[in-house]
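Now for the letters of each chain:
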Amino acid sequence: MALITSDRARFPNDPWKLVETVHLPGNAGTLETLFSVGNGHLGIRGAHWAAADAELPGSFINGFHETWDIKHAENAYGFARTGQRILYIPDANNFVVIIDGEMLTLEESTVLDYRRSVDFATGIYECRIVWQCRSGATVTTTERRAVGYQARGTLGISLEVSADRDISADVTSAVVNRQDQPVEDHSSHDPRRAGRHAGRVLLPVRLDGGDGSLRLSWAAAESRQLLGMAVDHWTSAGVQPFDTQVDQDDSSVRYVLAVGADTPFLLEKSVSYSVARSADEDPVDTAERGLLPVGEVFAQSEAHYRDYWTTSDIVVGGQPELQQAIRWNLFQLAQATACADVAGIPAKGVSGSGYDGHYFWDQEVYLLPYLTYTSPGNARQVLEFRHELLPEARVRAKELSVEGALFPWRTINGLEASAYYAAGTAQFHIAAAVAFATNRYAWASGDTAFKETLGADLLIETARMWASLGFFGKDGLFHIHGVTGPDEYTAVVNDNLYTNVMARFNLRAAAALDHPGIDDAERELWEQAANRMHLPFDEDLQVHSQDNDFMTLEPWDWSTPRSKYPLLLNFHPLVIYRHQVLKQADTVLAMFLQWQDFTAEEKRRAFDFYDPITTGDSTLSACVQGIMAAEVGYGKAALDHFIHALYIDLDDTHGNTIDGVHIASTGGVWSSLVSGFAGLRDQGEVPYFDPRLPTEWDSLSFHLKLRGGLLHVELDHTTLRLTVREGDPLEVDVRGQRATVGAETLALPLHAVVSPEPTVFPDGPPTASIPVVRAVN
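Residues numbered from 1 in each chain as written. Predicted model: local features only at pLDDT ≥ 70, side-chain atom pairs only at ≥ 80, totals over all residues. Heavy atoms only, no water.

Observations regarding helix H17 (residues 635–646)
Phase 1: For H17, spanning 12 residues, the distance from its first C-alpha to its last is 16 Å, which sits close to the expected 16 Å at 1.5 Å a residue.
Phase 2: Considering only its buried residues, H17 is in contact with helix H4 (320–337), helix H16 (621–632) and helix H18 (663–677). (Helix = DSSP H or I, 4+ residues; strand = E, 2+ residues; numbered from the N terminus. Expected span 1.5 Å × (residues − 1). Contact = heavy atoms within 4.5 Å.)

Given below as structure tokens:
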């Protein structure tokens, strides 16, 4: 059931805000995700300040995690040994407000007016509630919160209490260690959701406080990471705290005072977090030095987004309903990446604990395109992080009996954390994702220093892995066996097409390097492996096969009721593996990323075959299906897939938005607009555009940071306009026509794209996310 789009009175359409005007029970946890604020390092879920009104509140720091020994029911050599899970850090977003003896909560009190919002233009969360108190007073509370940017570990919270008559106010501000609080374990039978630890996780190290200030630190029991926080309070009334309590799980500062009708009470809460880099560092001292006045934290957030939207906004003409959702997705991308520094990007950013806070291939394939073209410095930092993990990746490669480097499927600290190897470790294609993102960044940014050093290391080490993983068969072709591609409903197969296509790219990119670490024999091996790479193809259907055996599998029973989806939660993996059914785009994704390697006919037939048997059980799929639908000329399917991707979280279509934003999907929304409807393809001789604007849209415009410059792109149904607003002139290719773009706008005519007839395949009706009418021979 839809959430945001189902009730536009409650969630009015505002192009620059997500707004809620009525509080209703239910969906509190999902809304906590949607209203979260973060900067890529620190994140605070959008929970209400009263404990009774929150469902899954919490705060997170990217990379702050606990470890444990994975216990396999039946162990084997090379299985993942170290589990890792992001931790709930002690949470500062907690207040108890008692007016004339009545504790205010949405659940129990009378609410006259309610409005909360998160402002995309400023990054500030605000919740304003008008209460009718039992004493007869009408009281208004307004809470605002934001995270810092120059000071990425800072959080500013303000709470204002005003009334229409004199009242007695009792306000307590608390820091709660939620990690060690008893909560429901949401992880049962759902690998997407985060589990909990059995014992105490955060061990107190320093607990100091007095006169409204708190200085606290903890150590994770097993990972031994140290977290410190400093909290200061300021009040407009200038009153001293009535009480300051310090405890390992619940520290508080309490104010008791009279509030006059003409003198609102404002409480500001400055918070700073720090994770120690070494045992010699006191994280509390570092956190204390980072404390900022709340107003300065708000100002940093406002300044950041003022700059961000100048070059990162994407505007769709004539679609105000979609514009809000597009900006919400772009806002989430900023919140997940802006201040991550040299670190990975968790699959849920810092908005929740889903997927245990792990880094996957998502960041390279779905997030790095966005970062490369909007914030290349941040893209470089993510790749620097991968480079820092090369020592662990080399060790992991040896465990798997291959050379070079093998990056873990899911990780925080560089060690493989995937306990189910069939859908985890077997996804060797993560190596090619790292190489692909490396090559894209170097191509788009022109950062030759990176390409010749860190980038070369990443390309070479991953190429060595592929050369040793694969082999030359009796047919003279190069094969890669025993792998899982992006589609996790088809596991441990031979010659997965996506894996082979991306490995071929990886080998060729490494062979093209002029690097002293590559000798002639190794270069020749890479070139031969790439040139003779086996790409499965079904001659009867004239379609590239997802792997050597995919076309021989039994078709899925498409009469399976929708209540049985996602399949991974309702069927044993072995049931799914023996059927012809996809969790997400696989072969179609390969044809998008390696766009120059396939003909238009091959792409169209592949889309026609695979799209109807793709369940959409993965949030990574809809955006890719939409991009390729646009390329092959299926305008309606492209728009339908895009809208599906656009509202995955806003409408909670996968039922797990409570655990955090699907950040890779938000990156896919960016790619859908830029690569799908504007038709950008990269890593060729020059940037290539082949626009496919939906008929319902008036226009589309955005910026791309390319080769140190800034390219503005605007298109409607008849014209593509390109302007270099910063930097040197840029050569581009628009549907085969080369042109040079400079400071003066270049207008190129666009002809309408004819939608082809879909390929006819002999199979039953699909139940994919996009209905498709198909003929039967």
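Quick look at H16
Phase 1: Taking 1.5 Å of rise per residue, 12 residues should cover 16 Å, and H16 covers 17 Å from first to last C-alpha, within 8% of that figure.
Phase 2: By the criterion of burial, H16 is predominantly enclosed, with 12 of the 12 residues buried.
Phase 3: Regarding H16, the residues found buried are Ser621, Ala622, Cys623, Val624, Gln625, Gly626, Ile627, Met628, Ala629, Ala630, Glu631 and Val632.
Phase 4: At the C-terminal side of H16, Gly633 shows a positive phi close to 105°. (Buried < 20%, exposed > 50% of the residue type's maximum accessible area, 1.4 Å probe, protein only.)

Section: the state of the cysteines
Phase 1: This model, assessed by the stated rule, comprises zero disulfides.
Phase 2: No disulfide involves Cys133; its sulfur sits 15 Å from the nearest other cysteine sulfur, which is in Cys127.
Phase 3: Assessed through its relative accessible area of 4%, Cys133 is described here as buried. (Disulfide = S-S within 2.5 Å.)

What to know about the packing of helix H8 (residues 430–445) against helix H10 (residues 454–469)
Phase 1: Following both chains from N to C, one finds H8 and H10 inclined at 150°, their axes separated by 9 Å at the closest point. On the basis of their axis angle, the class for H8 and H10 is roughly antiparallel. As H8 runs across H10, the sense of the crossing is left-handed. Contacts between H8 and H10 involve Ala431, Ala432, Val434, Ala435 and Thr438 from the first element and Gly455, Leu458, Leu459, Thr462, Met465 and Trp466 from the second.
Phase 2: Among the residues forming the contact of H8 with H10, the class breakdown is eight nonpolar, three polar and no charged. (Axes fitted to C-alpha atoms, helices over the stretch in contact; angles between N-to-C directions. Parallel < 35°, antiparallel > 145°, perpendicular 65-115°, else oblique. Left-handed = near helix turned anticlockwise from the far one by under 90°. Nonpolar A, V, L, I, M, F, W, Y, C, P; charged D, E, K, R; others polar.)

Looking at the layout of surface pockets
Phase 1: Computed from the structure, the second largest pocket encloses a volume of approximately 890 Å³.
Phase 2: For the lining of the second largest pocket, the secondary structure elements donating two or more residues are strand S20 (265–275), helix H2 (283–289) and helix H6 (376–388).
Phase 3: Ranked by residue count, the leading element in the lining of the second largest pocket is S20, at four residues. (1 Å grid on protein atoms, 1.4 Å probe; cavity = no way out; pocket = protein on both sides within 12 Å on 5 of 7 lines; lining within 4 Å. Points joined across faces, edges and corners; volume = space filled by probe spheres on them.)

What about the nonpolar core?
Phase 1: Counting 217 residues, the largest nonpolar core has Trp361, Trp466, Tyr610, Leu673, Trp697 and Leu700 as the members making the most contacts within it.
Phase 2: The greatest single-element share of this core, amounting to 11 residues, is contributed by H8.
Phase 3: Discounting chain neighbours no more than four positions away, the residues touching Trp361 are Tyr366, Arg386, Trp409, His429, Ile430, Ala433, Pro486, Tyr498, Gln584, Leu589 and Leu620.
Phase 4: In this structure, Leu56, Phe60, Ile86 and Ile658 belong to the second largest nonpolar core, which totals five residues. (Core = buried A, V, L, I, M, F, W, Y, C linked by side-chain atoms within 4.5 Å.)

Thoughts on the sheet that holds strand S28 (residues 680–681)
Phase 1: Here we have four strands laid out as an open sheet, ordered S28-S29-S33-S34, and mixed in their pairing. The sheet is open, and its two edges are formed by S28 and strand S34 (737–741), each paired on a single side.
Phase 2: Strand direction decides the pairing type here: strand S29 (residues 688–689) and strand S33 (residues 730–734), joined by two bridges, are parallel. Among the inter-strand pairings, Tyr688 is bridged to a residue of S33, identified as Asp733. (Pairing = 2+ DSSP bridges.)

Focus on the side chain of Asp362
Phase 1: Relative to the elements of secondary structure, Asp362 occurs in helix H5 (residues 362–374).
Phase 2: We note that Asp362 is buried and unpaired, the nearest opposite charge coming from Arg386 at a distance of 8.1 Å.
Phase 3: Setting aside its immediate chain neighbours within four residues, Asp362 contacts Ala347, Leu367, Leu620 and Ala664. (Lys, Arg positive; Asp, Glu negative; His and termini not counted. Salt bridge = Lys/Arg side-chain N within 4 Å of Asp/Glu carboxyl O.)

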